[in-house]
Amino acid sequence: QVQLVESGGGLVQAGGSLRLSCAASGLSISTYSMGWFRQAPGKEREFVAAIERNTYNKYYGGFTISRDNGRNTVYLQMDSLKPEDTAVYYCGASGTNWSSRTTEYDYWGQGTQVTVSS
């Protein structure tokens, strides 16, 4: 059974940093493209970052994605956070090379809340 478990969210002041983790079981993250998405209240889930399977090619906006194959864990380093970054952050696993579309992801975690205060 595949499980993705996010952690590391919380309340932080604007300008602060957080590192999110996504621990996977039941699959090897080295053979899946892994992505981070976020969803704010009343909005659609949006792409944040992805790291391609079998490579370390990354696709992201302002945050940094990385993975540790030995720990089967993916990370999202978020610096210079702004109130508009407030959302629930989700980790996903995709069998494609990589994608910014939620429909390309096969598995999802339950999410971790990130709240940035002004």
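Scroll up to find the structure this text is about.
Quick caveat: nothing in here was measured; it's all calculated off a predicted structure.

Undergrad: What am I meant to see in the pairing of strand β8 (residues 73–78) here?
TA: For a regular strand, side-chain orientation follows a simple rule: the groups alternate between the two sheet faces. Summarising burial for β8: 5 of the 6 residues are buried, a large majority. In this sheet, β8 lies alongside strand β3 (residues 18–25) in antiparallel orientation, the contact comprising 6 bridges. Residue pairing for β8: A23 is matched across the bridge by T73. One ladder, built from 5 bridges, connects strand β7 (residues 64–68) with β8; its direction is antiparallel. Considered in β8, the bridge of R67 is made with V74.

Undergrad: What is the right way to read the environment of D79 from this model?
TA: With respect to the helices and strands, the residue D79 is situated in the loop between β8 and β9 (87–94). Relative accessible area serves as the criterion here: at 38%, D79 is assigned to the partly exposed category. Put simply, D79 and Q110 are 31 residues apart on the chain and 23 Å apart in space, counted from C-alpha to C-alpha. D79 has contacts with G16, S17 and F63, leaving out every residue within four places of it along the chain. Here S17 takes part through its side chain, which lies 2.8 Å from a polar atom of the side chain of D79.

Undergrad: I'm lost on the state of the cysteines in this one. Help?
TA: Any covalent bond linking the sulfur atoms of two cysteines counts as a disulfide. Considering all chains together, one arrives at 1 disulfide under this definition. The disulfide that involves C22 links it to C91, with 2.1 Å between the sulfurs. The chirality of the disulfide connecting C22 with C91 is left-handed, given an S-S dihedral of about -75°. With C22 in strand β3 and C91 in strand β9, this residue pair connects regions lying 69 residues apart in the sequence.

Conventions adopted
Residues numbered from 1 in each chain as written. Predicted model: local features only at pLDDT ≥ 70, side-chain atom pairs only at ≥ 80, totals over all residues. Heavy atoms only, no water. Buried < 20%, exposed > 50% of the residue type's maximum accessible area, 1.4 Å probe, protein only. Helix = DSSP H or I, 4+ residues; strand = E, 2+ residues; numbered from the N terminus. Pairing = 2+ DSSP bridges. Contact = heavy atoms within 4.5 Å. Polar contact = N/O pair within 3.5 Å; in protein donor to acceptor, adjacent residues only side chain to side chain. Disulfide = S-S within 2.5 Å.

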